Amino acid sequence: MSIGAIAPSSTSQPPARAAPPVQLASSATPAGPASASTASSPNTNFSGSDSATNLTPEALALVAQLKARDTEVRQHEQAHLATAGGMATSGASYTYQRGPNGVDYAIGGEVHIDTSPGRTPQETIERAHTIQAAALAPADPSGADRAVAAQAQQLELQARAELATQQVEQATARTQGPAPVASDAAKVRRTYEVAPLVPPKLDIYA
């Protein structure tokens, strides 16, 4: 699940069909404007203390905002991961913004979760519960997180309907199933008890 951009998989699928993993992404807006650049990975080679002493008050304020945003994003994604458990198909990945001090801060993130149905309706229901819990795990679920939770709820409802249908079919089979079998056996028995209309004949050719 990504904190703000959950790319949902299909909402209704039969149990045996796989679905692409859902993506939960960080939805909050990045802290700070254009002075910072976007980076694919954090800058791990920077020693920030020297440059920080040369920053203007405005730049220091931006750094503080980026630090707060970085903490928020990481906590958000870790909440998704912790609740998703084995259904997470990846660790958290982040989008970074470089601060005026040269350090990259996470401003967005995502976690991919497998949303394919289970092998049985009951398993699908359990998986849907986990998806909903993982989507809503952060303290401040994004709109995308809530959309994924709604899709998981729909998946659960469909699985429950399928489970109810199976239970009705099983109950019907228990109450009515043996009768047709006995009837078929009687038909077979009667067939063998009736003498053939034409005497049997076997022709053998050399």
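Up top is the structure these notes are about.
I will try to describe carefully the structure that is included in this document.

Basis of the calculations
Residues numbered from 1 in each chain as written. Predicted model: local features only at pLDDT ≥ 70, side-chain atom pairs only at ≥ 80, totals over all residues. Heavy atoms only, no water. Helix = DSSP H or I, 4+ residues; strand = E, 2+ residues; numbered from the N terminus. Expected span 1.5 Å × (residues − 1). Buried < 20%, exposed > 50% of the residue type's maximum accessible area, 1.4 Å probe, protein only. Salt bridge = Lys/Arg side-chain N within 4 Å of Asp/Glu carboxyl O. Axes fitted to C-alpha atoms, helices over the stretch in contact; angles between N-to-C directions. Parallel < 35°, antiparallel > 145°, perpendicular 65-115°, else oblique. Left-handed = near helix turned anticlockwise from the far one by under 90°. Contact = heavy atoms within 4.5 Å. Phe/Tyr/Trp six-rings, centres within 6.5 Å; stacked < 30°, edge-to-face > 60°. Lys NZ or Arg CZ within 6 Å of the ring centre and 35° of its normal. Pairing = 2+ DSSP bridges. Nonpolar A, V, L, I, M, F, W, Y, C, P; charged D, E, K, R; others polar.

Thoughts on helix H3 (residues 121-135)
- Over its 15 residues, H3 extends 21 Å from the first C-alpha to the last, a length consistent with the 21 Å expected when each residue adds 1.5 Å.
- Among the residues of H3, those classed as buried are Pro121, Thr124, Ile125, Arg127, Ala128, Ile131, Gln132, Ala134 and Ala135.

Comments concerning the pattern of salt bridges
- Across all of its chains, the model carries six salt bridges by this definition.
- The partner of Arg127 in a salt bridge is Asp114, and the shortest N-O contact between them spans 3.1 Å. With Arg127 in helix H3 and Asp114 in the loop between strand S4 (104-113) and H3, this pair connects stretches of sequence that are 13 residues apart.
- For Asp114, a relative accessible area of 22% puts it in the partly exposed group.

Description of the packing of H3 against helix H4 (residues 143-176)
- Orientation of H3 relative to H4, taken along the N-to-C sense of each, is 165°, at an axis distance of 8 Å. Taken as axis vectors, H3 and H4 run roughly antiparallel relative to one another. Here the hand of the crossing between H3 and H4 comes out left-handed. Residues Pro121, Gln122, Thr124, Ile125, Ala128, His129, Ile131, Gln132 and Ala135 of H3 touch H4, and the partners they reach there are Asp145, Val148, Ala149, Ala152, Gln153, Leu155, Glu156, Ala159, Arg160, Glu162, Leu163 and Gln166.

Notes on the packing of aromatic side chains
- Under the criterion given, the structure shown has one aromatic pair.
- The ring of Tyr94 carries the charged tip of Arg74 above its face, separated from the ring centre by 4.7 Å.

Quick word on the pairing of S4
- Within S4, eight of the ten residues are buried, leaving the element largely enclosed by the surrounding structure.
- Two strands pair when backbone bridges link them, and strand S3 (residues 93-98) and S4 are joined in this way by six bridges, in the antiparallel orientation. When the sheet's bridge partners are listed, Thr95 is paired in S4 with Gly108.
- Where S3 hands over to S4, the hairpin turn is made up of five residues, of which Gly102 adopts a positive phi near 85°.

Comments concerning the packing of helix H2 (residues 57-84) against H3
- Two elements in contact, H2 and H3, have axes separated by 8 Å at closest approach and are oriented at 160°. In terms of axis orientation, H2 runs roughly antiparallel to H3. The chirality of how H2 crosses H3 is right-handed. Here His80, Thr83 and Ala84 of H2 come into contact with H3, specifically with Thr130, Ala133, Ala134 and Ala135.
- Here the contact of H2 with H3 is built from residues that sort into four nonpolar, three polar and no charged.

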